[in-house]
Amino acid sequence: YQYMSKSSFTNTKESNLMTKTATRGDDGKYLIKVCERMPDLQECSTFVSDPTCGAISTFVGITRNNFQQKKVIKLSYEGYVPMAEKELKKLCIEANEKYASIVKIAAVHILGDCPVEAASVILCASSPHRRDAMHCVEYLIDELKARVPIWKREVYEDGDITSVWKENVEWHQGKQRRIMVKTYEIEK
């Protein structure tokens with residue numbers, strides 16, 4: 001696996017090829033990918049860049065090293081790729097309907113292990129002006145966490161002994177939409 005850390009937002013020939021071969025929809029308007037080696041922030045920003053746009057808004061979700069006083073060493077993601085990519089495309093279309101000035105959207109999520117400080121999700125949107133791009137990215141991350149079938153396991157410093165499968169807790173109209181936590185323990 002090759003992961004992007006906060007300090008490695010660089011573009012390579014290999015990653016350029018990856019962007020060219022990624023799943024695209026609606027005449028190149030969307031870059032949608034759920035995979036073990038996802039495009040990096042530079043690739044996603046380059047994809048959404050358009051001469052008619054004065055704004056590109058981005059969100060990069062990074063694995064942090066702690067959760068409730070526990071040391072996290074990595075997150076591990078699983079998902080059913082065809083269904084996840086189909087749902088991501090639906091979200092992109094909905095976001096584009098909601099924020100009509102959006103020109104392009106990139107929505108990518110990793111599968112497999114994601115170490116601390118590495119990106120697990122990248123969302124980018126371009127528009128002529130900033131407001132729609134910023135709101136679009138906010139909408140996409142909230143809906144992605146609530147609806148896309150990708151599951152996250154948090155692995156702590158003790159390894160798989162107390163790792164936890166997590167369900168995102170998202171809010172809708174002031175109420176908790178889903179509740180999380182199923183503990184996973186391996187017998188020694």
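The rules we used
Residues numbered from 1 in each chain as written. Predicted model: local features only at pLDDT ≥ 70, side-chain atom pairs only at ≥ 80, totals over all residues. Heavy atoms only, no water. Helix = DSSP H or I, 4+ residues; strand = E, 2+ residues; numbered from the N terminus. Buried < 20%, exposed > 50% of the residue type's maximum accessible area, 1.4 Å probe, protein only. Contact = heavy atoms within 4.5 Å. Areas by Shrake-Rupley, 256 points an atom, 1.4 Å probe, with all protein chains shown as cover. Core = buried A, V, L, I, M, F, W, Y, C linked by side-chain atoms within 4.5 Å. Polar contact = N/O pair within 3.5 Å; in protein donor to acceptor, adjacent residues only side chain to side chain. pLDDT = per-residue confidence, 0-100.

1. Overview of the overall build of the protein chain
- When you go through the protein chain residue by residue, the secondary structure sums to four helices and 13 strands.
- Taken across its 188 residues, the protein chain has 45% of its residues classed as buried.
- For the protein chain, the proportion of contacts with a sequence separation of at least 24, taken over those separated by at least 6, is 71%.
- Total accessible area computed for the protein chain in this model is approximately 10500 Å², and 49% of it derives from carbon and sulfur atoms.

2. Details of the nonpolar core
- Counting 45 residues, the largest nonpolar core has L88, I105, I122, L123 and C136 as the members making the most contacts within it.
- Counting only elements with at least two residues in this core, the list comes to β2 (30–35), α2 (41–48), β5 (70–79), α3 (81–98), β6 (104–110), β8 (119–127), α4 (130–147) and β9 (150–156).
- Excluding its chain neighbours within four sequence positions, the residues that come into contact with L88 are I32, V34, A107, L144 and V148.

3. With respect to α2
- By the criterion of burial, α2 is predominantly enclosed, with six of the eight residues buried.
- Every buried residue belonging to α2 is among L41, E43, C44, S45, F47 and V48, and all of these are buried.
- Measuring from the side-chain oxygen of the N-cap residue of α2 to the backbone nitrogen of Q42 gives 3.2 Å; that N-cap residue is D40.

4. Remarks on the confidence of the model for the protein chain
- Per-residue confidence for the protein chain gives a mean pLDDT of 81; residues scoring 70 or more make up 73%.
- Taken as a whole, residues 1–24 scores under 50 in pLDDT and shows 51 contacts with residues more than four places along the chain or in a different chain.
- The model gives residues 171–176 a pLDDT under 50, and that stretch makes five contacts with residues more than four places away or in other chains.

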